[in-house]
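Single-letter residue listing:
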Amino acid sequence: MSRVELDERIPNNVSLSSDRRLQRALEQWQPKFLSWWNEMGPEGFQARDVYLRTAIGTDARGWAHFDFVRMPDYRWGIFLADPVPDRRIGFGDELGKPVWQEVPGEHRTVLRRLIVTQGDTEPASVEQQRRLGHGCPSLYDLRNLFQVNVEEGRHLWAMVYLLHTYFGRDGREEAEALLQRRSGDADNPRILGAFNAPIDEWLSFFLFTYFTDRDGKFQLLALAESAFDPLSCTTRFMLTEEAHHMFVGETGVLRIVQRTADVLRERPDADLHKLGLIDLALLQRYLNFWYSISLDLFGSEISSNAASYFAAGIKGRAREEHHAEHLALASTLDIERPCEAGLRVESVPLRNAMNEVLRREYSEDSQRGVDKFNRVLEAAGVDFRLTLPSPRFHREQGIYAGHCFDPRGEPISPAEWRARRDEWLPSASDRAYVASLMHPVTEPGKVASWIAPPKTGIKGRPPDYEYVRFD
Ligand SMILES: [Fe+2]
Ligand SMILES: [Fe+2]
């Protein structure tokens, strides 16, 4: 069990005080992180007391502490799950050999790029969501937003710790650059597309935490298998925190569906927009958007990079132990590829299809929540059902990019796509309508018109607790 140092300038369980050089380097990065947080973190709420959870260790029973804290005073720390004794590489060409405690020279560039790409998404999402607090549907939701934001900040710390500790001068430079890129900036944007659009209303926030944080979960699961053991330990603990982010997304969407279904049960032809509610066809268009851009984050369906990461032991499949064999040399995965005639099935060597393997597991996991949403509709006697669109729909990365498909995955012409786009994706008028609903509700226990109240509160507190203090 690692020793937890909570009273240090940087709380940690990595014995930071025993490595003076590293400690000094991270202590020099800390004020830069704080000035980034003050500039780019939640706008207008930095002086409020918020009921937040803070990681104080990695023990499954007592890893978090809940209390009121001003966000700039939040104790961002470095916490890694305990190493597994005698851990062995679980997949690829190095199967069965001891895991690496240092970065092998030949994999340095690739590992650095993977860590930087993961690290970049963390501050990016905070930047995307920085104005969201102004339209919060309740204090409970406002608190959950800030909880997600401070933990994405901690995930940045997790990646910066790896960069500083294992990648020398290049790592320190990358850590600086992580604070310099800005979501949506024309000259210096964040690395991945989905992290460059602002999220300024809560329907998108809930779908982002449902779909895009779930991509994060699957990337972390794949990296948790890595032969680079410090990366595995770091990502395993990040997954503990990530679960709450997806809970926020899932229950947020569920409460929207619940609210609309409750009204439709009583009055099947109610004018939902007149009542300030979110209609299900509009919700479906937003779902189509966030699901499809989250699928892009997995990379191309057929990828020689993915094959070489797997071969080298750098990035595995989610929960590698669930797979029967770990070389992935003998099997193939069928993938439908666009061609002149429409689509043809191609049997792709499994290693080259690793992005697609991860994406399909992600889709199954995404479907589980959609089934829950539909059970609410069914119970209310509402006919509408939400569906995940085909993975070919609205893609900008991978083999479907540059081709047009409808939500069922049928090939269509570019003209049909242009004509029908607003049936399938949020239109300008959808966006204007959703924006018009975002009036802040900050009285304890009150919630906005378009969402049902939460069923339970946070950490044993009631739903109407004053989670963010407004004096
Ligand atoms: Fe994160
Ligand atoms: Fe997250």
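## Thoughts on the overall build of the protein chain
A tally of regular secondary structure across the protein chain gives eleven helices and five strands. A globule of 471 residues ought to have a C-alpha radius of gyration of about 23 Å, and the protein chain, at 23 Å, matches this closely. Along the longest, intermediate and shortest principal axes, the C-alpha atoms of the protein chain span 65 × 65 × 40 Å. Per-residue burial over the protein chain gives 58% buried out of 471 residues. A sequence separation of at least 24 residues applies to 72% of the contacts in the protein chain between residues at least 6 apart. In the form shown here, the protein chain has an accessible surface area of approximately 19,800 Å², with 48% of it arising from carbon and sulfur atoms.

## Notes on the coordination of the iron ion (ligand 1)
Those donors, E122 (OE), E152 (OE) and H155 (ND1), are the protein atoms that reach the iron ion (ligand 1), and they lie 2.0 to 2.2 Å from it. Ordering the donors of the iron ion (ligand 1) by residue number gives the pattern E-x29-E-x2-H. Here the iron ion (ligand 1) and the iron ion (ligand 2) are spaced 3.5 Å apart, with E152 acting as a shared donor. Remark: H155 occurs in helix α3 (residues 139–166) and E122 occurs in helix α2 (residues 108–128); sequence separation between them is 33 residues.

## Observations concerning the environment of A224
Inspection of the secondary structure assignment puts A224 in helix α5 (residues 202–224). In this structure the C-alpha to C-alpha distance between A224 and L95, which are 129 residues apart in sequence, comes to 15 Å.

## Looking at the coordination of the iron ion (ligand 2)
Protein-derived coordination of the iron ion (ligand 2) comes from E152 (OE), D213 (OD), E242 (OE) and H245 (ND1), at a distance range of 2.0 to 2.2 Å. Counting the intervening residues between successive donors of the iron ion (ligand 2) yields the motif E-x60-D-x28-E-x2-H. Here D213 falls in the buried class, since its relative accessible area comes to 5%.

## A few points about unusual backbone geometry
Residues other than glycine seldom take positive phi values, yet A328 does so here, at roughly 55 degrees. Looking at the element boundaries, A328 is found in the loop between α8 (304–312) and β3 (332–339). Residue K459 is not a glycine yet carries a positive backbone phi of 50 degrees. Relative to the elements of secondary structure, K459 occurs in the loop between α11 (428–436) and β5 (468–469).

## Here's the deal with the pattern of salt bridges
One pass over the structure, following the stated rule, counts 40 salt bridges. E39 is the partner of R182 in a salt bridge, and the nearest nitrogen-oxygen pair spans 3.3 Å. In this pair, R182 is assigned in the loop between α4 (168–180) and α5 and E39 in helix α1 (residues 20–40), connecting sequence segments 143 residues apart. Exposure remark for R182: the relative accessible area of 15% places this residue in the buried category. For R112, the salt bridge is made with D170, and the minimal N-O distance between the two is 2.8 Å. In this pair, R112 is assigned in helix α2 and D170 in helix α4, connecting sequence segments 58 residues apart. Classification of D170 as partly exposed rests on a relative accessible area of 29%. Salt bridges linked by common partners bring E39, D120, E127, R181, R182 and R190 together as one network.

## Here we look at the packing of aromatic side chains
As enumerated under the stated definition, the model contains 38 aromatic pairs in all. Relative to W37, the ring of W36 lies with its centre 6.1 Å away and its plane at 70 degrees, an arrangement referred to as edge-to-face. With a centroid separation of 5.3 Å and an interplanar angle of 50 degrees, the aromatic rings of F45 and F146 are classed as tilted. Pair noted here: F45 is in the loop between α1 and β1 (49–55) and F146 is in helix α3, with a separation of 101 residues, a long-range link. Both residues of the pair, F45 and F146, belong to the buried class. Members of the aromatic cluster, connected to one another through ring pairs, are W29, F33, W36, W37, Y74, W76 and W157. The ring centre of F68 lies 3.6 Å from the NZ or CZ of R469, which sits over that ring.

## Quick word on the packing of α1 against α4
Relative orientation and spacing of two packed helices are given, respectively, by the angle between their axes and the distance between those axes. Taken N-terminus to C-terminus, the directions of α1 and α4 make an angle of 10 degrees; their axes are 10 Å apart at the nearest point. With respect to their mutual orientation, α1 and α4 come out roughly parallel. As for the relative orientation of α1 and α4, their crossing is right-handed in sense. On α4, the residues touching A25, W29, K32, F33 and W36 of α1 are R172, A175, E176 and L179. Of the residues contributing to the contact of α1 with α4, the split by class is six nonpolar, no polar and three charged.

## A word on the sheet that holds β5
The sheet built from three strands is open, its strands ordered β2-β1-β5 with antiparallel pairing. Either end of the sheet is taken by a strand with one partner, and the two such strands are β2 (64–70) and β5. Pairing between β1 and β5: two bridges, direction antiparallel. Its bridge partner being in β5, D49 is matched across the sheet by R469. Together, β1, β2 and β5 form the strand contacts of α3, whose direction differs from that of β1 by roughly 40 degrees.

## Let's talk about a positive patch on the surface
On the surface, a cluster of positive charge is contributed by R20, R21, R24 and R172. In terms of residues, the positive patch owes the most to one element, α1, which gives three residues. Structurally, the position occupied by R24 is in helix α1.

## A word on the pairing of β1
Burial analysis of β1 places six of its seven residues in the buried class, the great majority of the element. Pairing analysis gives seven bridges linking β1 to β2, with the strands arranged antiparallel. The residue bridging Y51 from the neighbouring strand is F68, located in β2.

## Some words on the state of the cysteines
Disulfide: a covalent bond connecting the sulfur atoms of a pair of cysteines. Taken as a whole and assessed by the stated rule, the structure comprises zero disulfides. In this model C339 remains outside any disulfide bridge; the closest cysteine sulfur is found in C404, 15 Å from its own.

Thresholds, definitions, all that
- Residues numbered from 1 in each chain as written.
- Chains lettered and ligands numbered in written order.
- Predicted model: local features only at pLDDT ≥ 70, side-chain atom pairs only at ≥ 80, totals over all residues.
- Heavy atoms only, no water.
- Helix = DSSP H or I, 4+ residues; strand = E, 2+ residues; numbered from the N terminus.
- Rg over C-alpha atoms; globule rule 2.2 N^0.38 Å.
- Buried < 20%, exposed > 50% of the residue type's maximum accessible area, 1.4 Å probe, protein only.
- Contact = heavy atoms within 4.5 Å.
- Areas by Shrake-Rupley, 256 points an atom, 1.4 Å probe, with all protein chains shown as cover.
- Donors = N, O, S within 2.8 Å, 3.2 Å for Na, K, Ca; no water.
- Salt bridge = Lys/Arg side-chain N within 4 Å of Asp/Glu carboxyl O.
- Phe/Tyr/Trp six-rings, centres within 6.5 Å; stacked < 30°, edge-to-face > 60°.
- Lys NZ or Arg CZ within 6 Å of the ring centre and 35° of its normal.
- Axes fitted to C-alpha atoms, helices over the stretch in contact; angles between N-to-C directions.
- Parallel < 35°, antiparallel > 145°, perpendicular 65-115°, else oblique.
- Left-handed = near helix turned anticlockwise from the far one by under 90°.
- Nonpolar A, V, L, I, M, F, W, Y, C, P; charged D, E, K, R; others polar.
- Pairing = 2+ DSSP bridges.
- Patch = residues over 30% accessible without salt bridge, like charges linked within 9 Å, V, L, I, M, F, W, Y side chains within 5 Å.
- Lys, Arg positive; Asp, Glu negative; His and termini not counted.
- Charge placed at Lys NZ, Arg CZ, Asp CG, Glu CD.
- Disulfide = S-S within 2.5 Å.

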